[in-house]
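Fold and contact review
Residue-level listing of the chains:
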Amino acid sequence: MVKLLKKIREIFIPLLEGDVPEPELFKKESFKYSEEETDKLIEIAKEYQTSEDDRKKEVESKASIFIGTFAVAATIMLSLEKDFIKIKVSVTALLTIFLVFVTIVYLCIAIIYSIKCLSRKNYEVVGFPEWLLTDKDILEKKKELLFKLLNAVKTNQNVINEKVDYMVMAQEYFKRAVVCVGVLAMLPLIEAIVKALSGI
């Protein structure tokens, strides 16, 4: 019964479930590689970091577009609602007002998730490391760089995944708003059919 209720709730009000787990960071002591292996791993870590940065930019770009789209759609819906409130009360008018209201709510929630996606998070950046100027040997410096890069990628991955989750939720609520608009479009047709049938 609980599962069924959860599924029904998910149809109308999808929720983000579960906390984002803390990343398991690498420990310096576990880095026991040769210089050649370390060079290769640094190269791979940089490529992966670039890939994650691109993913973050793509998600944030989508969120910016969505905010503009949702805001325009919500404004149109509000205008429609005002017009229908002035119309003589009927079952169709009440259904229309209700569906427009639900659509606006869905769009507003979608906007909130899009804004959350764009909100600032703790994003790790490997800047100029001070230890490069120390008298450590080259291999130790490379291992230190690899350690910093891998941990930055691991930490940022959680941040980016959270942004992706927010974007997915924005899309889910937008889908439900589109369904409401589809039902709205069908209401006049249904009313016309009912009138035609009642006149027979």
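Summarised in this report is the structure supplied together with it. Just so we're clear, the structure is a prediction, and the values are computed from it rather than from any experiment.

1. Here we look at the overall build of the protein chain
- Scanning the protein chain from N- to C-terminus turns up four helices and zero strands.
- Counting helices and strands in the order they occur from the N terminus, the protein chain gives α-α-α-α.
- Across the 200 residues of the protein chain, 28% fall into the buried class.
- Contacts in the protein chain between residues far apart in sequence, at least 24 positions, make up 88% of those at least 6 positions apart.
- Accessible area for the protein chain stands at about 13500 Å²; split by element, carbon and sulfur atoms hold 65% of it.

2. What about the pattern of salt bridges?
- For the coordinates displayed, the defined rule picks out eight salt bridges.
- A salt bridge links Asp-39 to Lys-142; the shortest N-O distance between them is 3.0 Å. Of the two residues, Asp-39 is situated in helix α2 (residues 35–86) and Lys-142 in helix α4 (residues 138–198); the sequence distance between them amounts to 103 residues.
- Between Arg-176 and Glu-172 there is a salt bridge, with its nearest N and O atoms 3.0 Å apart. Here Glu-172 and Arg-176 lie together in helix α4, a separation of four residues that amounts to about one turn.
- Through salt bridges with shared partners, a single network forms among Glu-35, Asp-39 and Lys-142.

3. Some remarks on the environment of Leu-184
- On the secondary structure map, Leu-184 appears in helix α4.
- Expressed as a C-alpha distance, the spacing of Leu-184 and Leu-95, which sit 89 residues apart in the sequence, is 8.5 Å.
- Discounting chain neighbours no more than four positions away, the residues touching Leu-184 are Met-77, Thr-96, Leu-99, Val-100 and Thr-103.

What counts and how
Residues numbered from 1 in each chain as written. Predicted model: local features only at pLDDT ≥ 70, side-chain atom pairs only at ≥ 80, totals over all residues. Heavy atoms only, no water. Helix = DSSP H or I, 4+ residues; strand = E, 2+ residues; numbered from the N terminus. Buried < 20%, exposed > 50% of the residue type's maximum accessible area, 1.4 Å probe, protein only. Contact = heavy atoms within 4.5 Å. Areas by Shrake-Rupley, 256 points an atom, 1.4 Å probe, with all protein chains shown as cover. Salt bridge = Lys/Arg side-chain N within 4 Å of Asp/Glu carboxyl O.

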